[in-house]
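What follows is the residue order along each chain.
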Amino acid sequence: QVQLVESGGGLVQPGGSLRLSCAAPGNILRVNGMGWYRQAPGKQRELVAAITIGGRTNYADSVKGRFTISRDNAKNTVYLQMNSLKPEDTAVYYCRSEVTTWATGVQRQYWGQGTQVTVSS
């Protein structure tokens, strides 16, 4: 079992910045695609940004130019730098990783526990 560990959420004023991190510790053979999703109250979970093992990125239109996804393959960690935050960015943010462990040799999808981001004055 792989436990993704998220950190970096919190309360920030409009226009502020936050950086989220998500690590996949443990006996990992490979981490393929990684991404960040968010879910606001009463809404469906939506993709925010994704990054391939080769570094190719994809963003939701609502965050383009403000958010940057990156990864450190040596640390099996994905980051989300969020700038120019708006109240509508308020949500629980979840990371997702496609992980293959040494134990199974099979790629599976894992989710983080979620971290709250609140943008409010």
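Our structure is the block above this text.
Just so it is clear, the model here is predicted, and its values are computed rather than measured.

K.L.:
Help me understand the packing of aromatic side chains, please; the structure alone is not making it clear to me.
P.N.:
Each aromatic ring pair is characterised by the separation of its centres together with the angle its planes make. Overall, the coordinates contain 1 aromatic pair when judged by the stated rule. Across the ring face of Y79, the terminal group of R19 is positioned such that the distance to the ring centre comes to 4.1 Å. Above the ring of W111, the side-chain terminus of R45 is found at 4.7 Å from the ring centroid.

K.L.:
I would appreciate a short explanation of the pairing of strand β10 (residues 107-111) in the present structure.
P.N.:
A regular strand carries its side chains on alternate faces of the sheet. Note that strand β9 (residues 91-101) and β10 share 5 bridges and pair antiparallel. Residue pairing across strands places T100 opposite Q107, the latter belonging to β10. Linkage of β9 to β10, two consecutive antiparallel strands, is achieved through a turn of 5 residues, within which G105 is found at a positive phi near 70 degrees.

K.L.:
Teacher, can you tell me more about the nonpolar core here?
P.N.:
One finds W36, V48, F67, I69, L80, M82 and Y93 to be the most contacted residues of the largest nonpolar core, which totals 31 residues. Those elements that provide at least two residues to this core are β3 (18-23), β4 (28-39), β5 (46-51), β7 (67-72), β8 (77-82), β9 and β11 (115-119). Among residues more than four places away in sequence, those in contact with F67 are R38, V48, Y59, L80, Q81, M82, N83, L85, D89 and Y93.

K.L.:
Looking at this model, I keep getting lost on the environment of Q109. Mind explaining?
P.N.:
Turning to its location among the elements, Q109 is positioned in strand β10. What makes Q109 partly exposed here is its relative accessible area of 46%. Distance from Q109 to G33, taken between C-alpha atoms, is 9.2 Å for residues 76 residues apart in sequence. Residue contacts for Q109: discarding those within four places in its chain leaves R96 and S97. Within the structure, Q109 has its side chain in polar contact with the side chain of R96 (distance 3.3 Å).

Parameters at a glance
- Residues numbered from 1 in each chain as written.
- Predicted model: local features only at pLDDT ≥ 70, side-chain atom pairs only at ≥ 80, totals over all residues.
- Heavy atoms only, no water.
- Phe/Tyr/Trp six-rings, centres within 6.5 Å; stacked < 30°, edge-to-face > 60°.
- Lys NZ or Arg CZ within 6 Å of the ring centre and 35° of its normal.
- Pairing = 2+ DSSP bridges.
- Helix = DSSP H or I, 4+ residues; strand = E, 2+ residues; numbered from the N terminus.
- Core = buried A, V, L, I, M, F, W, Y, C linked by side-chain atoms within 4.5 Å.
- Buried < 20%, exposed > 50% of the residue type's maximum accessible area, 1.4 Å probe, protein only.
- Contact = heavy atoms within 4.5 Å.
- Polar contact = N/O pair within 3.5 Å; in protein donor to acceptor, adjacent residues only side chain to side chain.

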